[in-house]
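One letter stands for each residue in the lines below.
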Amino acid sequence: MLTDTADINWGSVSVMVAYLILLAVIGWFLKNRVKSGNDFWSGGRNVGPVATAFSFCAAYYSTAAVIGGPAIYAQYGAGYEAVEHIGNQFVSCFLMLIILGMKMRVVSERTGSVSLPGYLAVRYESNAIRMISAVIIAVMMIPYGVSCFKGIGTAMAVVAGIPYNISIIIIAVVALIYMVTSGYFGTAMIDVIHGFFIMFGIIALGIAVISASGGITQALDLGTSAEPLLGDIPGPLDSWPLFLSFSLIWAFTGFGQPHLVTKFFALKDSKTISIVAIISMIWCSVFAVFCTITSIGGRGLFDGRLSDWDMLTPAIAYIHGNFLIQALFLCSVVAAGLSTVASLVLSAASAIAKDLVEDGYMAARNKPVSNKSTAALSRIVTSIVILIMVILSINPWDMVWQLSAMAAGTMGAAFVAPLTIGLYYKKATRAGALASVISGAVITIAGYLIGLNGAVHPFMPGLIVSVILFFSVSKFTSKPSDEVIAMCFDKNWRKKTV
Amino acid sequence: MITFHGFTLPAIICWLVAFPGGLITALIFFNTRFWKNLNEYFSEWLDSDNEHF
């Protein structure tokens, strides 16, 4: 049986080290692409559709994809995964790109925004909403990143035998090299490699399960024999509100996740959104098929043998995988974790460097910052954010885990209305947006604290209150200026006319 | 109840909607006139005179 640490698996470690060196080298060679803070945060708005698609998918699926995801599906069943996948396919990879992606791309360029708080500040003509959003993002993203670091560190300890703290430091150094040197552009390019390795990893796990079970149908039979409800809906959860709210939550929170939304800011051209959508949907489909085989078959193989289902995929790789499967699994964990960490770090660091310091503190004192200084500031803050995540990963506080569990739901509830609805609702006002952001965050956090997640995901009440307040407060408060209305809603608007 | 290797009909339907349903929907949608109109509409929002940064 697996323990928390194994003997060092030199074969897998060698492949993983080669992978990490490759990432650092690519980042180093792309360093000349960064000449200003805006280049650093949005890749100079010159990132192609293939890199955007892989970057979007790799950020969307964190270490949860190859560790937590199969662990959840092994408990909640294939029906739960199918419904979650419907949400991922139709909502995140299709509707989100059409509703949010296309318009966000053009409006972010018109408003000159490279971060979510920056866009909200221009759209609602409010420095307060910039500051509040930046604080929410910084407070939520850092613990979220810490949980990703923890996932990578744990997997490296279990499968490769590398001590947890050393794993965290290795990953942080690599992240530091490629993110600080090449910013968003380098991160997006590297996400293409991450995207392929996440897919290879889950395919490798699926092959290990099929091989150990004697075939695909035998793997499914094995799982549904161990727990017959795995093949039904709502399945083992036995509650429709829990089943629907938890399986569909990720798809809807995506509309308010800064690290996903800012992918559209950097896209080269709004017309290439269709390519982004098709690549994302193909990627998600392949991932989902092999994830189902891994989780349901894995449940059959390890039923009653694991004290913690998070150990399912490491156990499959460790016990039923050969050297190649173990190496691919390890690289996929690193890829899934690093890609999400990179997106989270860039979102948190941009909230601090760009929104709080450059556009908030410095602008309030009429101190213009040169391109060279903004690039340096971006790099320094990004390094500090990574350092904070490393320290918290090695010496975590209980509050860090609580905040990381709340992060996606809280940011989703806070930002969906002002961001997505505000893109199409002309009458949305500053007061409405502020009420929406604050109420969404507060209600969701309160929901977690009072244990509402035993009945329904706290994101749901948070989102409902946030949307109601967004419309109702906007109805009774002063409308946005004509300039902002024209900039965000008139296709004929041009910058020189203002 | 109808089952296929332990999977009930509702779960199988959900899987067919998700895969390959999502992919087929996307491929059909992106070849429609609606999508072309959407592209043309948003391509008018920006032009080379609109310098940014």
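## Brief notes about the state of the cysteines
By definition, a disulfide is the covalent link that joins the sulfur atoms of two cysteine residues. This structure, assessed with the given rule, holds 0 disulfides over all chains. Cysteine Cys57 of chain A remains unbridged, with the sulfur of Cys284 of chain A as its closest cysteine sulfur at 4.5 Å. Residue Cys57 of chain A is classed as buried on the basis of its relative accessible area, which comes to 2%. Free cysteine: Cys14 of chain B, not disulfide-bonded; nearest cysteine sulfur from Cys291 of chain A at 16 Å.

## Some remarks on empty space enclosed by the protein
Residues and elements named next belong to chain A. Across all of its chains, the model carries 2 cavities of 30 Å³ or more by this definition. Around the largest cavity sit 15 residues that line it, and Trp41, Thr262, Leu346, Ser347 and Ser350 are the ones nearest its centre. Elements that contribute at least two residues to the lining of the largest cavity include exactly helix H6 (116-123), helix H11 (258-265) and helix H14 (323-364). Tallied by class, residues from the lining of the largest cavity come to 8 nonpolar, 6 polar and 1 charged. Its boundaries defined by the atoms lining it, the second largest cavity holds a volume of some 50 Å³. As for the second largest cavity, its lining consists of Tyr61, Tyr73, Glu81, Glu84, His85, Asn88, Phe287, Ala288 and Cys291. Contributing elements (two or more residues each) for the lining of the second largest cavity: helix H5 (78-111) and helix H12 (273-302). Looking at which element gives the most residues to the lining of the second largest cavity, the answer is H5, with 4 residues. Taken together, the residues of the lining of the second largest cavity break down into 5 nonpolar, 2 polar and 2 charged.

## A few points about the nonpolar core
All names here are of chain A. One finds Leu100, Met104, Trp283, Val334, Met411 and Phe415 to be the most contacted residues of the largest nonpolar core, which totals 178 residues. With 19 residues, helix H8 (residues 164-213) is the largest single contributor of residues to this core. When residues no more than four places from it in sequence are discounted, the contact partners of Trp283 are Phe54, Cys57, Tyr61, Gly195, Ile198 and Met199.

The rules behind the values
Residues numbered from 1 in each chain as written. Chains lettered and ligands numbered in written order. Predicted model: local features only at pLDDT ≥ 70, side-chain atom pairs only at ≥ 80, totals over all residues. Heavy atoms only, no water. Disulfide = S-S within 2.5 Å. Buried < 20%, exposed > 50% of the residue type's maximum accessible area, 1.4 Å probe, protein only. 1 Å grid on protein atoms, 1.4 Å probe; cavity = no way out; pocket = protein on both sides within 12 Å on 5 of 7 lines; lining within 4 Å. Points joined across faces, edges and corners; volume = space filled by probe spheres on them. Helix = DSSP H or I, 4+ residues; strand = E, 2+ residues; numbered from the N terminus. Nonpolar A, V, L, I, M, F, W, Y, C, P; charged D, E, K, R; others polar. Core = buried A, V, L, I, M, F, W, Y, C linked by side-chain atoms within 4.5 Å. Contact = heavy atoms within 4.5 Å.

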